[in-house]
Amino acid sequence: MALVQNKVPQDLLRAEGEKKTVMMKMMRQIQEEPLDSLLTSVRWRAMETLTQLSHMRLVLDVQERAQLVSTCVHSVFSLPSVRAMQEQDEARAEAIQTLYHQTLEALQTLLHALFIEDPTPSGLKSILEPLGPWMNSGKAHERARAVNSNISLLNHTLLSLPFYMSSGFPALGLLLGRLILRIGDPDEEIGRKALDGVTILYTILELQKRQAHTARFSKSKMIHPRRLPVRAGHGNWVCLSPDGARDKEETNTKELYESNKRFLGPYNPVSPCQNILRVIAEFGDFLDPQQVKDLLLAAVEGLRGGAEPWGKEAGEMMQLASEVTLSSVLEWYRHKVLDVIPEIMQGIYRQLSHIQDPRAREVALLPVSFLASSFMTEVVVALLMCPLPLNSNGAEMWRQLILRKPSCDVRDLLDLLLSSLKEKPVTKKGRASIVPLAAASGLCELLSVNSCASCVRRIYPQLLLALLIQVHYHIGIKLPGHRVPQKDTKNQAQPPAFVPVHWVVKVVKTLLLKMGCSYEVVFVEAEGGWELMEQAESHHLGVSLLARAMVRYTCQELCRLLYLLIPLLERGDEKHKITATAFFVELLQMKQVRRIPEEYSLGRMVEGLCHREPVMKVLSIRGLTILARRSEKMTKVQALLPSMVRSLKSLDGVLVVEAIDSLKTIFKGQDRKQRDSSVYVEMLQVLLPHFSDSREEVSASCINMYGKVVQKLQAPCTQAMEEQLIHALVPLLLIMQESNAKVGQKCVKTLFRCSCFMAWELPRTAYSRKPWDNRQQAVAKICKYLVSASFGVCGGRTRPSPSCFPHQHPEEVSTTTCEHPPRQPLRISQPGPGVRQEPEGLPPEVLRPVHRVPGALHGEGDDRRLDE
């Protein structure tokens, strides 16, 4: 590509579009130049052309200006050092030296021209920002170029001050921080230049301050409008007379610069940190909260590892300079940063991803612990906004709160997290909130610090219950706008998909292990309790399993948990109450429950039977069955049995199975004389609708339980019993034909028990599970039996055929009208020792799985449990 001429024809630049076209062409030429050598003058000529375009009022927006500066700076600063380029081409050593200086001068001239084109804070900022990263380069020649360019631009700004500085100096904190770090540079020459740049910046700020005084004094009636405050050195201010101000107007800038140079002190190559401390102390009057924030983040930025790593000694010097800067700024100006703490925390979080050295990370985390010691609430709120799930950077920031001095009070910190854990993860406007989940994540990281164990134990019951409730809240919740996190730069591992409820359960486990409940964690894990806890339908089961494990292994904190739960049962929404009740119910097994007034134990459970939430009804039944284990409570609980059974109507099949499983304890404790047949009939009514449940476990359990309840029925058979069993007959026959072997087997057993109790003589084929498709004759026989005289109707009452009663004369049976004929036990002759005899008329597949005890099928004989 041909070299660019020094002058651009005016006719090509009449339109703004043509100017930008030429600019883009120059930028492409610059980008195409090699970065490892300086062979031609293309860069120099192209930047001169861009300077001419700038003089022609080339209108650029902020983005275009930043792109132009970045392109030119990258092309020049990336070149090897002059010595290295001369060694590569010794024949052109002098030409390379000259061409390099021309190129560097052309770059600085272009930067000046761009500043003149837009002498505003945003314009200067767009020029300074691309220079910043080069000041932290691991190569000395790149840092030197960046420092020299900054100084050149500051000098030009100082000369242009009268028409520019009225609106304040942009990015002061960022620029000051980068220059301060360069004062501690391993290269002494760079350190001297950086201190010189700080002096120029200080002079600019003083002149700006003078202009502000001028405007303020001119409005005051008490001070002559022309008496101007001027720095006299060593921090003292004097007022010049109007004539003196005019006489020194041209020379004042230079004198002020020399005065400030003496005031800030000479460069100390042995201990440059002394210069750093002096500079930070003197700049305090010019720093507002935003600038203090930028200064802190610039110091953290200096700890980043560049493409070219620092040597050990140079790295230690840079870490020392950053540490001195951070410590002194936080010590002297922390009162200014209260409103910008969230921005500081976010900036540190971003920078930690680029800082790998352990010592450098410690220095970068200094502001976290330092600010938390004075503004703990604000720091914690800021950390709650860290992206979830926490990576190594966010986790380290949480641990820093208590690991390093000065640290915040651990008790106050845990109290703050507990308050956040009590919030709902959904706001009033229906939006998801990450605050409770972030608090749980922060707590998990604090638990990894051994020194906080005693403080955690102080509020352990509150933390555990709050986390369990948060597990319930986070079921099915997805964080708004959450994306799969990127690979952790420290661990170099792709994190798994983030599910909020899994994360909260993990924190629950961590808390339990930290408090010494390892047996409980293992027990719940073995029983699948954590998976139950993460599902909406079974959350209460997982919580109950955990509470049961803690009772089993006699957790030391059970009494505190018990007394804490009593007031919690009436607070919060339904999810809150379900979780609290599920835990409380299992604690009713404790001996200390006797100390609790009955209204808080038995009374709460009775109220739960009428609760609108089905799970609360089941939990209340569970609580009553636990209370029934105590002799003093058994009578009261048994009196509530009808209410408990009635509360199960219209519930989901899973809950019905769970509740009736709990009721076994109460049924077992009843004497035969205390049994109320109406309760059994109501239980049969509850179970029957769930025979056809699509869930195999529910259907099989309800059918099996139905048969066991029939076993408990006693003579005489009432009309309600008879109608209920007849209503179950057809569903059992139809469900038996389904392909599900487990459910079909339960149907066979239950049908057999119903037949024995009612003394039915169903055809043998009725007990067969073989499909009816090709057995039309068998089906016809069953149907004929169902509608035949075997079930004749008498006054609206069904009655069995005379053959069902072998010990009565048929005529005696036929004369029975409205009275139910007395049932006789199914005769099964007692076999000899070791001989098993089966009743006639029933196929082996029915009798094989049924454990028969004479009399029990008719409510006579032994009194067995329902689950036997």
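Before reading further, recall that the structure is shown in the block above.
Residues numbered from 1 in each chain as written. Predicted model: local features only at pLDDT ≥ 70, side-chain atom pairs only at ≥ 80, totals over all residues. Heavy atoms only, no water.

Student: Can you help me understand the packing of aromatic side chains in this one?
Tutor: Each aromatic ring pair is specified by the distance between its two centres and by the angle formed by the two planes. In the structure shown here, the tally under the stated rule is ten aromatic pairs. A ring pair is formed by Phe523 and Tyr553, whose centres lie 6.3 Å apart and whose planes are at 75°; its orientation type is edge-to-face. Taken together, the positions of Phe523 in helix H25 (residues 518-526) and Tyr553 in the loop between helix H27 (539-552) and helix H28 (558-568) put the pair 30 residues apart, joining distant regions of the chain. Classification of Tyr553 as partly exposed rests on a relative accessible area of 32%. Between Phe691 and Tyr706, the aromatic rings sit 5.1 Å apart at their centres with planes inclined by 80°, giving edge-to-face as the arrangement. Taken together, the residues Phe691 in the loop between helix H35 (677-687) and helix H36 (696-712) and Tyr706 in helix H36 connect sequence positions 15 residues apart. Each member of the pair, Phe691 as well as Tyr706, is classed as buried. Pairwise contacts between aromatic rings join Tyr202, Phe263, Phe283 and Phe286 into one cluster. The residue whose ring lies beneath Arg45 is Trp44, and the NZ or CZ to ring-centre distance is 4.2 Å. Geometry around Phe263 places Arg278 over its ring, the cationic atom sitting 4.9 Å from the centre. (Phe/Tyr/Trp six-rings, centres within 6.5 Å; stacked < 30°, edge-to-face > 60°. Helix = DSSP H or I, 4+ residues; strand = E, 2+ residues; numbered from the N terminus. Buried < 20%, exposed > 50% of the residue type's maximum accessible area, 1.4 Å probe, protein only. Lys NZ or Arg CZ within 6 Å of the ring centre and 35° of its normal.)

Student: Sorry, what's going on with the pattern of salt bridges here?
Tutor: Close approach of charged atoms allows side chains of opposite charge to pair. Scanning the model with the defined rule gives 33 salt bridges in all. In this structure, the salt-bridge partner of Arg65 is Glu117, at a minimum N-O distance of 3.8 Å. Taken together, the residues span a long stretch of sequence, with Arg65 in helix H3 (residues 62-77) and Glu117 in helix H5 (residues 93-117) at a distance of 52 residues. With a relative accessible area of 2%, Arg65 lands in the buried category. With its nearest N and O atoms 3.4 Å apart, the salt bridge here joins Arg359 to Glu362. In this pair, Arg359 and Glu362 are both assigned in helix H16 (residues 358-364), three residues apart and thus about one turn of the helix distant. In this structure Glu362 comes out as partly exposed when scored by relative accessible area, which is 41%. In the salt-bridge network here, residues are joined through shared partners; they are Arg143, Arg182 and Asp185. (Salt bridge = Lys/Arg side-chain N within 4 Å of Asp/Glu carboxyl O.)

Student: I keep staring at the nonpolar core and nothing clicks. Help me out?
Tutor: The biggest cluster of nonpolar side chains holds 264 residues, and the ones touching the most others in it are Met345 and Phe583. Residues contacting Phe583, with those up to four places away along its chain left out, are Leu464, Leu465, Leu468, Val543, Leu546, Ala547, Met550, Leu561 and Leu565. (Core = buried A, V, L, I, M, F, W, Y, C linked by side-chain atoms within 4.5 Å. Contact = heavy atoms within 4.5 Å.)

Student: Help me understand helix H11 (residues 252-264), please; the structure alone is not making it clear to me.
Tutor: Within an α-helix, residues lying three or four positions from one another point in the same direction, as the helix has 3.6 residues per turn. Here H11 spans 18 Å end to end across 13 residues, near enough to the 18 Å set by a 1.5 Å rise per residue. For H11, the full list of buried residues reads Asn252, Leu256, Tyr257, Ser259, Asn260, Phe263 and Leu264. Relative to the axis of H11, the buried residues are bounded by an arc of 165° and lie together on one face. Turned more than 90 degrees away from the buried face of H11, the exposed residues are Lys254 and Arg262. Of the residues flanking the end of H11, it is Gly265, one or two places downstream, whose phi is positive at about 90°. (Expected span 1.5 Å × (residues − 1). Arc of directions from axis to C-beta.)

Student: Whenever I open this one, the environment of Ser678 confuses me. Can you help?
Tutor: Mapped onto the secondary structure, Ser678 falls in helix H35. Put simply, Ser678 and Ala720 are 42 residues apart on the chain and 8.1 Å apart in space, counted from C-alpha to C-alpha.

Student: Explain the packing of helix H23 (residues 460-473) against helix H24 (residues 500-514) to me, please; I cannot follow it from the model alone.
Tutor: Geometrically, a packed helix pair is captured by the angle between its two axes and the distance between the axes. As a packed pair, H23 and H24 sit with axes 9 Å apart at the nearest point and diverge in direction by 160°. The angle between the axes of H23 and H24 places the two elements in the roughly antiparallel class. Of the two elements, H23 crosses H24, and the hand of that crossing is left-handed. For the pair H23 and H24, contact is made by Tyr460, Leu463, Leu464, Leu467, Leu468, Gln470 and Val471 and by Val501, Val504, Val505, Val507, Val508, Leu511 and Leu512, respectively. The residue inventory of the contact of H23 with H24, partitioned by class, reads 13 nonpolar, one polar and no charged. (Axes fitted to C-alpha atoms, helices over the stretch in contact; angles between N-to-C directions. Parallel < 35°, antiparallel > 145°, perpendicular 65-115°, else oblique. Left-handed = near helix turned anticlockwise from the far one by under 90°. Nonpolar A, V, L, I, M, F, W, Y, C, P; charged D, E, K, R; others polar.)

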